[in-house]
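Descriptive analysis of the structure
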Amino acid sequence: MLLRMSSLFLRTLRDDPADAEVPSHKLLVRAGYVRRVAPGIYSWLPLGKIVLENVARIVREEMNRMGAQEVLFPALLPREYYEATGRWTEYGDNIFRLQDRKGADYLLGPTHEELFTDMVKGEYNSYKDYPVTLYQIQTKYRDEARPRAGILRGREFLMKDSYSFDLDDDGLKRSYEQHREAYIRTFDRLGINYKIVFAQSGAMGGSASEEFLASTPTGEDTFVACHSCGYAANAEAVTTSAPAARPDAEAPALKVLDTPGTPTIESLVSYVNEHHGLSVTAADTLKNVVVKVTTPGSDKVETLIVGVPGDREVDFKRLEAALAPGEPAIFEAADFERHPGLVRGYIGPQVLRELGIRYLVDPRVVTGTSWLTGANEPGRHAVNVVAGRDFVPDGTIEAAEVRAGDPCPRCGSDLSIDRGIEIGHIFQLGRKYADAAGLDALGPDGKPIRVTMGSYGIGVSRAVAVVVEQSYDDLGIVWPREIAPADVHIVGTGKENQVEAALQLGAELEARGLRVLVDDRRQVSPGVKFKDAELLGMPTIVVIGRGLSQGVAELRDRVTGEKSEILLAEAADRIVAAVNG
């Protein structure tokens with residue numbers, strides 16, 4: 001392949017787009033790889049399309065290597081399949097719904113579990129047909145409320161989704177491990193620095209679940225890691241080690257205190273220590289956060305109160321994950337007006353049972369623990385409020401923020417916290433979708449065996465942005481060679497025959513199997529050409545300029561920044577050697 005910039009459909013930009021927040025968004029737009037069409041919707045220009053196809057090729061090669069078979073489903077899907085599994089309502093506002101001219105309901109596919117299950121049911125019926133793994137690389141659609149960060153979180157994106165079908169749980173575990181190894185090979189080839197973490201399954205359902213997170217400060221996912229035992233988990237999946245229950249016989253009786261002007265935990269702690277002679281910290285207080293929870297497809301709204309130690313905030317992403325498919329929202333002033341039994345700022349758990357309000361607490365709130373919390377009266381709090389004696393929660397919930405230094409749930413050592421971007425997710429779905437579709441195989445005894453499934457996704461278009469997030473500098477993108485649009489970017493500068501020499505070298509390199517981009521623009525200054533070469537990010541840059549008269553060119557390594565002079569007579573050999581490592 002040889003591309004000439006004089007005819008290439010490409011326009012680079014000097015300034016960052018006004019709406020860009022993360023490096024990949026800025027650089028992919030500036031370098032002419034993508035262009036915004038609407039919020040969360042992007043077009044791919046020629047160089048961007050090459051990168052996207054290179055990523056898809058690597059994903060496809062590794063899926064084929066593990067024995068998976070490629071299929072392709074439509075993106076426009078009838079409602080019935082998703083109604084059968086309950087996801088037509090579970091997805092809520094997160095999917096694009098539409099009707100045809102006859103009023104029949106359709107959606108633009110967010111994932112295809114239902115369709116894969118139905119396909120296998122229609123083609124296979126014997127235990128001899130299994131196991132089987134199918135996959136597709138196809139555009140998906142999700143109605144993101146806040147599309148952002150360019151192609152990292154869009155409404156339309158390219159994804160690889162695969163599904164394994166096995167006769168028993170041991171077979172599912174084998175398929176899961178095969179996918180796990182294939183993902184490791186895939187992301188290694190893409191040059192991505194990633195971490196495998198425990199995760200929650202969300203609307204997908206299922207049991208075992210792991211995410212592949214690309215480490216980057218711009219990531220919207222928080223994950224924890226233990227450097228002692230190797231434990232790692234998405235923040236939503238972190239479990240809290242609950243302390244042992246305590247005997248409550250020794251606890252003093254509940255006492256109500258006047259606490260005027262204490263709207264925050266900090267002001268409350270300061271006031272009671274100064275005016276009531278206590279010696280408490282924020283960790284001794286019980287913060288009660290009121291939320292309203294709606295269930296997709298239902299008009300019912302539940303009032304729920306979540307209790308967490310006062311030195312921690314409620315992490316709304318953890319709360320959403322814990323309540324899924326329910327959708328929580330913070331109580332507002334109008335909601336409190338409709339619930340006069342809840343005194344805003346002074347809520348305590350003592351009266352919640354008689355008010356008929358469900359109360360879930362952090363796992364640290366165990367029987368016998370004593371708390372400073374609201375007294376359900378304006379300007380008053382209660383001390384010595386003991387769990388199990390003065391209130392009984394309806395259950396526990398993992399909703400409190402996770403912090404660096406928290407104990408590892410596996411070994412007890414300190415956890416560290418980092419940020420990442422999800423690039424892959426693997427699930428052991430089990431029989432949820434097989435049950436909905438009635439997917440059985442006839443066993444050797446003629447009796448039906450309910451098939452068990454796994455689901456495995458890779459964000460193909462997202463991976464393009466992730467690579468840029470991890471591989472750029474002040475000058476532009478630095479592509480890993482395997483997914484770069486070209487192996488070599490040859491820049492011809494000057495007013496003599498440098499451009500002709502660049503084209504001649506490019507043709508020779510193409511004949512030797514390299515992918516080549518030649519800047520043969522004659523009316524563009526050398527400075528602009530150099531800036532474009534750095535911005536576009538090909539791993540090897542060759543400059544044919546003033547040294548042409550002496551028979552030399554400059555060879556640059558975009559990754560290391562190293563520069564060296566090479567003889568033009570030996571240029572092809574030197575460049576091929578550099579490309580092949």
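Right, let's walk through the structure included here. (Residues numbered from 1 in each chain as written. Predicted model: local features only at pLDDT ≥ 70, side-chain atom pairs only at ≥ 80, totals over all residues. Heavy atoms only, no water.)

Once that is clear, we can look at the overall build of the chain. Secondary structure summary: the chain contains 15 helices and 32 strands in total. Projecting the C-alpha coordinates of the chain onto the three principal axes gives extents of approximately 95 × 70 × 55 Å. The buried share of the chain, taken over its 581 residues, is 51%. Summarising the internal contacts of the chain: among those between residues at least 6 apart in sequence, 69% fall at separations of at least 24. As displayed, the chain offers around 26,100 Å² of accessible surface, 49% of which is attributable to carbon and sulfur atoms. Distance between charge centres in the chain, computed from 67 positive and 84 negative side chains, equals 3 Å. (Helix = DSSP H or I, 4+ residues; strand = E, 2+ residues; numbered from the N terminus. Buried < 20%, exposed > 50% of the residue type's maximum accessible area, 1.4 Å probe, protein only. Contact = heavy atoms within 4.5 Å. Areas by Shrake-Rupley, 256 points an atom, 1.4 Å probe, with all protein chains shown as cover. Lys, Arg positive; Asp, Glu negative; His and termini not counted. Charge placed at Lys NZ, Arg CZ, Asp CG, Glu CD.)

The next subject is the environment of Gln428. Here Gln428 lies in strand 22 (residues 415–430). When its relative accessible area of 13% is taken as the criterion, Gln428 is described as buried. In this structure the C-alpha to C-alpha distance between Gln428 and Gly32, which are 396 residues apart in sequence, comes to 39 Å.

Turning our eyes to something else, we now look at the pattern of salt bridges. Evaluation of the coordinates by the stated rule reveals 49 salt bridges. The partner of Asp161 in a salt bridge is Lys140, with the nearest N and O atoms 2.8 Å apart. Residue Asp161 is found in strand 9 (residues 156–166), and its partner Lys140 is found in strand 8 (residues 132–141); the two are separated by 21 residues along the sequence. When sorted by exposure, Asp161 lands in the same class as Lys140, which is buried. Among the salt bridges present, the one from Arg155 reaches Asp143, with a minimum N-O distance of 3.6 Å. Of this pair, Arg155 sits in the loop between strand 8 and strand 9 while Asp143 sits in the loop between strand 8 and strand 9, placing them 12 residues apart in sequence. By relative accessible area, Arg155 is classed as partly exposed at 23%. Overall, Asp143 belongs to the partly exposed group, its relative accessible area being 25%. Members of the salt-bridge network, linked through shared partners, are Arg57, Glu61, Glu62, Arg65, Arg185, Arg189 and Glu482. (Salt bridge = Lys/Arg side-chain N within 4 Å of Asp/Glu carboxyl O.)

Ordered by their spatial adjacency, 5 strands build an open sheet running 17-15-16-18-21, and the pairing between neighbours is mixed. Every interior strand has two partners, whereas the edge strands, strand 17 (327–330) and strand 21 (395–396), have only one. Sheet analysis places strand 16 (residues 301–309) next to strand 18 (residues 358–361), joined by 4 bridges and oriented parallel. The residue of strand 18 that forms the bridge with Leu304 is Arg358. Contacts between helix 8 (residues 316–323) and the sheet are confined to strand 15 (286–294), strand 16 and strand 17, with strand 17 contributing the most and set at about 140° to the helix. (Pairing = 2+ DSSP bridges. Axes fitted to C-alpha atoms, helices over the stretch in contact; angles between N-to-C directions.)

On to the pairing of strand 15, then. For strand 15, the tally of buried residues reaches 7 of 9 residues, placing the bulk of the element in the interior. Pairing analysis gives 9 bridges linking strand 15 to strand 16, with the strands arranged antiparallel. Bridge pairing in strand 16 links Val289 to Val306. Two successive antiparallel strands, strand 15 and strand 16, enclose a turn made up of 6 residues, where Gly297 displays a positive phi of approximately 90°. Relative to strand 17, strand 15 runs antiparallel, the two being bridged by 4 bridges.

Moving on: the nonpolar core. Of all hydrophobic cores here, the largest spans 60 residues; its most connected members are Leu28, Tyr33, Phe187, Ile192, Trp479 and Leu536. Top element by residues in this core is helix 2 (residues 46–65). It accounts for 8 residues. Leaving out residues up to four positions away in the same chain, Leu28 has contacts with Tyr33, Val34, Ile151, Val464, Ala465, Val468, Ile477 and Trp479. Core analysis: the second largest hydrophobic core is formed by 24 residues, Phe73, Leu429, Ala434 and Ala441 among them. (Core = buried A, V, L, I, M, F, W, Y, C linked by side-chain atoms within 4.5 Å.)

Viewed as axis vectors pointing N to C, helix 13 (residues 498–511) and helix 15 (residues 571–580) meet at an angle of 50°, and their least axial separation amounts to 10 Å. As summarised for this structure, helix 13 and helix 15 are arranged oblique, according to the angle between their axes. In the packing of helix 13 onto helix 15, the handedness of the crossing is right-handed. Counting all contacts with helix 13, which are made through Leu505, Glu508 and Leu509, the residues of helix 15 involved are Ala571, Ala572, Ile575 and Val576. Looking at the contact of helix 13 with helix 15, its residues break down into 6 nonpolar, no polar and 1 charged. (Parallel < 35°, antiparallel > 145°, perpendicular 65-115°, else oblique. Left-handed = near helix turned anticlockwise from the far one by under 90°. Nonpolar A, V, L, I, M, F, W, Y, C, P; charged D, E, K, R; others polar.)

Take the side chain of Ser455 next. Relative to the helices and strands, Ser455 is located in strand 25 (residues 452–459). Side-chain polar atoms of Ser455 contact the side chain of Glu113, separated by 3.2 Å. (Polar contact = N/O pair within 3.5 Å; in protein donor to acceptor, adjacent residues only side chain to side chain.)

Before going further, it helps to examine the sheet that holds strand 14 (residues 255–258). Read across the sheet, 3 strands follow the order 14-20-19 without closing on themselves; strand pairing throughout is antiparallel. Strand pairing shows two members of the sheet lacking a second neighbour, strand 14 and strand 19 (370–377), which therefore form its edges. Between one strand and the next, the sheet's axes are offset by a mean angle of 35°, whatever the strand orientation. Looking at chain direction, strand 14 and strand 20 (residues 380–386) are connected through 4 bridges and run antiparallel.

Before going further, it helps to spend a moment on the pairing of strand 11 (residues 209–215). Within strand 11, 7 of the 7 residues are buried, which leaves the element mostly enclosed by the surrounding structure. In strand 11, alternate side chains face the same way, and those of Ser209, Glu211, Leu213 and Ser215 on one face and Glu210, Phe212 and Ala214 on the other are all buried. Bridge count for strand 10 (residues 194–198) against strand 11 is 5 bridges, and the pairing is antiparallel. When the sheet's bridge partners are listed, Tyr194 is paired in strand 11 with Ala214. Relative to strand 22, strand 11 is paired through 7 bridges, and the arrangement is antiparallel. In the strand pairing of strand 22, Ala214 is matched with Ile421.

Counting buried positions along helix 1 (residues 23–30) yields 7 of 8 residues, so the element is predominantly enclosed. Regarding helix 1, the residues found buried are Pro23, Ser24, His25, Leu27, Leu28, Val29 and Arg30. Backbone geometry just downstream of helix 1 places Gly32 in the positive-phi region, at approximately 75°.

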